[in-house]
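Here's the letter readout for the chains.
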Amino acid sequence: MTVMEQRGAYRPTPPPAWQPRTDPAPLLPDAEPYRVLGTGAADKVDPELLRRLYAELVRGRRYNTQATALTKQGRLAVYPSSTGQEACEIAAALALEERDWLFPSYRDTLAVVARGLAPASALTLLRGDWHTGYDPREHHIAPLSTPLATQLPHAVGLAHAARLKGDGVVALAMVGDGGTSEGDFHEALNFAAVWQAPVVFLVQNNGFAISVPLAKQTAAPSLAHKAVGYGMPGRLVDGNDAAAMHEVLSEAVARAREGGGPTLVEAVTYRMEAHTNADDATRYRQDTDVDAWRDHDPILLMERELTERGLLDDDLKRQAADDAEAMAADLREHMNQEPVLDPMDLFTHVYAEQTSQLREQAAQLRAELEVASEEEVASEEEVASGEAEEETR
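Model, not experiment: these values are computed from the prediction.

Participant: Would you mind going over the nonpolar core in detail, with residue names and values included?
Facilitator: Ranked by internal contacts, the top residues of the largest apolar core, which has 66 residues, are Tyr-54, Tyr-63, Leu-123, Leu-172, Leu-202, Leu-249 and Met-302. Here this core gets 9 residues from one element, more than from any other, and that element is helix α8 (residues 242-257). Ala-162, Ala-173, Phe-185 and Leu-223 belong to the second-largest nonpolar core, a separate cluster that totals 26 residues.

Now the structure itself:
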């Protein structure tokens, strides 16, 4: 006789029939990535918006080429190029209001620059000078996140706080397809949906997590489908179509601001260059795979649309190119300046109040620096004295 068969044993009543908490149909993404450029929907887009998107795309491409060149010159330790993904990043920046917050990943330098950050400040982390080369509160841009997906729960926390305060602030968090395999991604989406936080998740599906193709990360129909499991809408968008990206992200931001909760947007794009300058992409993909995407380049798509509508002339192309070159020249000038670094800054921003261990370590380093400085002065005096003796002979 089992415990449950004994007389007087507790027998729970059957649970009620299971009912879905949310109708999944409205949450499902489209079967194909949403597009605007080259379709009838493009006629409804403001021409000025198209021109601005074009100028920002050209500027972003020049930023990528210049930053990549700086790595070869030893001015940057590493640079994760976003060539081919410019439409995702530009649209993300332009879809936000000034009061909103952007939570970028390490590859999203174009987004932070398009949002107004100085081009050189976006590279401070990648140069190795500071963890963050700007004040996040001043610009409403979180630090460029190198650990995968850790910025997503932070975005949810800020968005949840904004909802509680009722200040209308929206957070837009960017992540790559590789980041969707991290626990932080799932935790962030779950909390965001449960709290109905005003946050938008933008997944840039560029095909690879370094060398790992998407097919080895997930068996889902698309990454946008993952939204349904958490109770939020999923949108599948052509990530190289700047107009489509701007429309979908703007709608998601507006929905979040109005109290509609979070949205997951998957942008289908392609990483034209290697993961970083330290990566050899030829080891895991063929040049023919890359070539297949060249006709779908975000700048080329925008140029075709503007040309067909009579919105692109030589003056606009020249102005966009000149502005991009001026930005690149300014970036070179700043990056060619040697940074002035203070080793004691290692202890400045660890805690609001230093621990006893940090104070002890700081004192030890300060003493070592003083000894090194005294030795350097003594060495210089010795050299100067030797030179003086040489002149008297």
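Next comes the rest of the write-up.
Participant: Account for the side chain of Gln-204, naming residues and giving values.
Facilitator: By the element assignment, Gln-204 lies in strand β3 (residues 199-205). Accessibility expressed as a relative area gives 4% for Gln-204, which makes it buried. Setting aside residues up to four positions removed in sequence, Gln-204 forms contacts with Gln-85, Cys-88, Glu-89, Asp-108, Met-174, Val-175, Gly-176, Asp-177 and Ala-267.

Participant: Describe the packing of helix α6 (residues 151-165) against helix α7 (residues 183-195), listing the residues and the values that go with them.
Facilitator: Contact geometry for α6 and α7: axes closest at 8 Å, N-to-C directions at 15°. Overall, the two elements α6 and α7 adopt an arrangement that is roughly parallel. For the crossing formed where α6 meets α7, the hand is left-handed. Residue-level inspection shows Leu-152, Pro-153, Val-156, His-160 and Arg-163 of α6 in contact with α7, the latter providing Asp-184, Phe-185, Ala-188, Phe-191, Ala-192 and Trp-195. Looking at the contact of α6 with α7, its residues break down into 8 nonpolar, 1 polar and 2 charged.

Participant: Break down empty space enclosed by the protein for me, citing the residues and quoting the values.
Facilitator: Across all of its chains, the model carries 1 cavity of 30 Å³ or more by this definition. Around the largest cavity, the lining residues are Glu-56, Arg-59, Gly-60, Tyr-63, Ile-90, Leu-110, Val-113 and Ala-114. Listing elements by their share of the lining of the largest cavity, those giving two or more residues are α1 (47-72) and α3 (109-114). Each residue belonging to the lining of the largest cavity can be placed in one class, and the counts come to 5 nonpolar, 1 polar and 2 charged.

Participant: Residue-level account of the environment of Gly-38, with values.
Facilitator: Relative to the helices and strands, Gly-38 is located in the segment before α1. What makes Gly-38 exposed here is its relative accessible area of 66%. Considering only alpha carbons, one finds Gly-38 and Gly-386, 348 residues apart in sequence, at a separation of 76 Å.

Participant: Account for helix α2 (residues 86-94), with residues named and values stated.
Facilitator: Burial analysis of α2 places 9 of its 9 residues in the buried class, which makes it a mostly covered element. Taken residue by residue, α2 has Glu-86, Ala-87, Cys-88, Glu-89, Ile-90, Ala-91, Ala-92, Ala-93 and Leu-94 as its buried positions.

Participant: Which residues make up the pattern of salt bridges, and what values do they have?
Facilitator: What the rule picks out here adds up to 17 salt bridges. Of the charged contacts, one joins Asp-297 and Arg-61 as a salt bridge, the two residues approaching to 3.0 Å between their closest N and O atoms. Of this pair, Asp-297 sits in the loop between α9 (287-294) and α10 (298-308) while Arg-61 sits in helix α1, placing them 236 residues apart in sequence. The salt bridge partner of Arg-235 is Glu-251, with a shortest N-O separation of 3.4 Å. Residue Arg-235 is located in strand β6 (residues 234-238), and its partner Glu-251 is located in helix α8; the two are separated by 16 residues in the primary sequence. By relative accessible area, Glu-251 is classed as partly exposed at 40%. Beyond isolated ion pairs, a larger network of salt bridges with shared partners links Glu-97, Arg-99, Asp-100 and Arg-257.

Participant: Talk me through α8; I want residue IDs and the actual numbers.
Facilitator: A rise of 1.5 Å per residue sets the reference length of α8, with its 16 residues, at 22 Å; its end C-alpha atoms lie 22 Å apart and thus fit the reference within 8%. Among all positions in α8, only Ala-242, Ala-243, Ala-244, Met-245, His-246, Val-248, Leu-249, Ala-252, Val-253 and Ala-256 are buried. One side-chain oxygen at the N-terminal end of α8 lies 3.2 Å from the backbone nitrogen of Ala-243; it belongs to Asp-241. Gly-259 sits one or two positions beyond α8 and adopts a positive phi of about 95°.

Participant: Report on the environment of Ser-121, specifying residues and quantitative values.
Facilitator: Locating Ser-121 in the fold gives a position in the loop between α3 and α4 (124-127). In the structure, Ser-121 is positioned 215 residues away from Asn-336 in sequence and 13 Å away in space, judged by C-alpha atoms.

Participant: For the pairing of β3, give the residues involved together with the corresponding values.
Facilitator: Within β3, 7 of the 7 residues are buried, which leaves the element mostly enclosed by the surrounding structure. Residues Val-199, Phe-201, Val-203 and Asn-205 of β3 are buried on one face, and the alternating residues Val-200, Leu-202 and Gln-204, pointing to the opposite face, are buried as well. For strand β2 (residues 171-176) and β3, the ladder comprises 6 bridges, and the chain directions are parallel. Residue pairing across strands places Met-174 opposite Leu-202, the latter belonging to β3. With α7 bridging β2 and its parallel neighbour β3, the resulting β-α-β unit is right-handed. Both β3 and strand β7 (residues 263-268) contribute to a ladder of 6 bridges, which runs parallel. When the bridges of β7 are listed, Gln-204 appears paired with Ala-267.

Conventions and cut-offs
Each chain carries its own residue numbering, running from 1 in the direction its sequence is written. Thresholds applied to this predicted model are a pLDDT of at least 70 for local features of residues and 80 or more for the giving and counting of side-chain atom pairs; totals over whole chains, interfaces and linings are not thresholded and use all residues. For the side-chain quantities, the full set of heavy atoms in the structure was used; hydrogens and water were omitted. Remark: nonpolar core denotes a set of buried residues (Ala, Val, Leu, Ile, Met, Phe, Trp, Tyr, Cys) joined through side-chain atoms within 4.5 Å. For every residue, the accessible area obtained with a 1.4 Å probe (protein chains only) is divided by the maximum for its type, and the residue is called buried under 20%, exposed over 50%, and partly exposed between those limits. Numbering of helices and strands runs from the N terminus, with a helix taken as a DSSP run of H or I at least four residues long and a strand as a DSSP run of E at least two residues long. The contact rule is simple, with two residues in contact once any of their heavy atoms fall within 4.5 Å. All axes are obtained by fitting lines to C-alpha atoms, using only the stretch in contact for helices, and the reported angles, taken between N-to-C directions, cover 0 to 180 degrees. Each angle gets one of four labels, with under 35 degrees taken as roughly parallel, over 145 as roughly antiparallel, 65 to 115 as roughly perpendicular, and the rest as oblique. Helix crossings are classified by the rotation of the near helix relative to the far one: an anticlockwise turn of less than a right angle makes the crossing left-handed, while a clockwise turn makes it right-handed. Polarity classes work like this: nonpolar for Ala, Val, Leu, Ile, Met, Phe, Trp, Tyr, Cys and Pro, charged for Asp, Glu, Lys and Arg, and polar for all others, with Gly in that last group. Here the term cavity refers to a set of points on a 1 Å grid, laid over the protein atoms alone, in which a 1.4 Å probe fits but cannot get out; the term pocket refers to an open set having protein on both sides within 12 Å along at least five of seven lines, with lining residues being those that place an atom within 4 Å of a point. Grid points are joined across faces, edges and corners, and a volume is the space filled by probe spheres set on the points. What makes a salt bridge here is a side-chain nitrogen of Lys or Arg within 4 Å of a carboxyl oxygen of Asp or Glu, nothing more. To estimate the expected span of a helix, count its residues, drop one, and scale the result by 1.5 Å. We define a polar contact as two N or O atoms separated by no more than 3.5 Å, with the added condition that, inside protein, one atom must be a possible hydrogen donor and the other a possible acceptor, whereas residues neighbouring each other in sequence contribute only through side-chain atom pairs. When DSSP finds two or more bridges between a pair of strands, those strands are recorded as paired. The definition of a right-handed crossover adopted here requires that, viewed with the strands pointing away, the path from the first strand over the helix to the second runs clockwise.

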